[in-house]
Amino acid sequence: MPEIAKDRPVYRNIHVTEIIKYRLPAAGIVSILHRISGALMFLLMPLVIWMFDTSVSSQVSFDRFASAFQVGLGVVPGWLLKLVVLALIWAYLHHFIAGIRHLWMDVYHTVSKEQGRSSAIFTLASSLLLTVVLGAKLFGLY
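Below, the structure is looked at part by part. Being a predicted model, the structure only gives us computed values, none of them experimental.

**Examining the overall build of the protein**
Secondary structure assignment for the protein yields six helices and zero strands. Along the protein, helices (α) and strands (β) appear in the sequence α-α-α-α-α-α when read from the amino end. The C-alpha atoms of the protein give 22 Å as radius of gyration, which overshoots the globular expectation for 142 residues (14 Å, by more than 25%). In terms of principal-axis extent, the alpha carbons of the protein reach across some 80 × 35 × 25 Å. Summarising the internal contacts of the protein: among those between residues at least 6 apart in sequence, 67% fall at separations of at least 24. A total of about 10,600 Å² of accessible surface is found on the protein, and carbon and sulfur atoms cover 70% of it. Of the charged side chains in the protein, 12 are positive and 7 negative, and the gap between their average positions amounts to 4 Å.

**Some remarks on the side chain of Thr54**
Within the secondary structure, Thr54 sits in helix α3 (residues 45–57). Note on Thr54: relative accessible area 6%, which makes it buried. Contact partners of Thr54, with chain neighbours within four places excluded, come to Ser61, Phe62 and Phe65.

**Considering helix α6 (residues 113–138)**
With 26 residues, α6 extends 37 Å between its outermost C-alpha atoms, agreeing within 8% with the 38 Å of an ideal straight helix rising 1.5 Å per residue. For α6, every residue scored as buried is listed here: Gly116, Ser119, Ala120, Thr123, Leu124, Ser126, Ser127, Thr131, Gly135 and Ala136. Against the buried residues of α6 lie α2 (26–43) and α5 (78–107). Trailing α6 by a residue or two, Gly140 shows a phi angle of about 80°, which is positive.

**Focus: the side chain of His94**
With respect to the helices and strands, His94 occurs in helix α5. Residue His94 is classed as buried on the basis of its relative accessible area of 0%. Not counting residues within four places of it along the chain, the set of residues in contact with His94 comprises Val30, Leu33, His34, Ser37, Thr123, Leu124 and Ser127.

**Some remarks on the nonpolar core**
Grouped together as the largest cluster of nonpolar side chains are 12 residues: Met41, Leu44, Leu47, Met51, Phe65, Ala68, Phe69, Leu81, Val85, Leu88, Trp90 and Ala91. Listed by contribution, the elements that provide at least two residues to this core are α3, α4 (59–71) and α5. Ranked by residue count, the leading element in this core is α5, at five residues. What Leu81 contacts, discounting residues up to four positions off in sequence, is Leu47, Ala68, Phe69 and Val76. Of all hydrophobic cores here, the second largest spans five residues; its members include Ala26, Val30, Ala98 and Leu124.

About the cut-offs
Residues numbered from 1 in each chain as written. Predicted model: local features only at pLDDT ≥ 70, side-chain atom pairs only at ≥ 80, totals over all residues. Heavy atoms only, no water. Helix = DSSP H or I, 4+ residues; strand = E, 2+ residues; numbered from the N terminus. Rg over C-alpha atoms; globule rule 2.2 N^0.38 Å. Contact = heavy atoms within 4.5 Å. Areas by Shrake-Rupley, 256 points an atom, 1.4 Å probe, with all protein chains shown as cover. Lys, Arg positive; Asp, Glu negative; His and termini not counted. Charge placed at Lys NZ, Arg CZ, Asp CG, Glu CD. Buried < 20%, exposed > 50% of the residue type's maximum accessible area, 1.4 Å probe, protein only. Expected span 1.5 Å × (residues − 1). Core = buried A, V, L, I, M, F, W, Y, C linked by side-chain atoms within 4.5 Å.

And the structure:
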């Protein structure tokens with residue numbers, strides 16, 4: 001065999017035992033999290049419908065809704081309800097920003113590897129930063 005053919009890299013599918021060692025690029029992480037956030041929003045849709053219905057029905061139901069975050073709801077403590085809502089906030093923000101990223105890539109067909117990497121990092125950073133800000137408000141830090 002010629003020397004050039006021996007030095008070429010070999011590309012294989014990732015085996016289950018190699019998943020731990022594989023480094024997923026930032027765009028791949030954003031893609032997987034985009035799917036996870038969509039599934040999370042779908043699964044938490046009954047909670048969203050309950051929160052909306054309870055918050056706009058009447059003043060009494062709104063007071064019950066507001067107190068659920070303080071004292072809890074049945075056997076669910078208030079802090080756990082806040083964590084679930086925080087996960088829902090992250091899911092919405094990440095899904096929205098990643099969707100805008102995909103629309104931007106569709107409009108400008110010339111996306112390089114570096115542009116994809118930088119937009120993926122921006123998506124991750126901005127969704128996490130906004131989640132921290134809104135989570136601080138949710139938990140009463142300001």
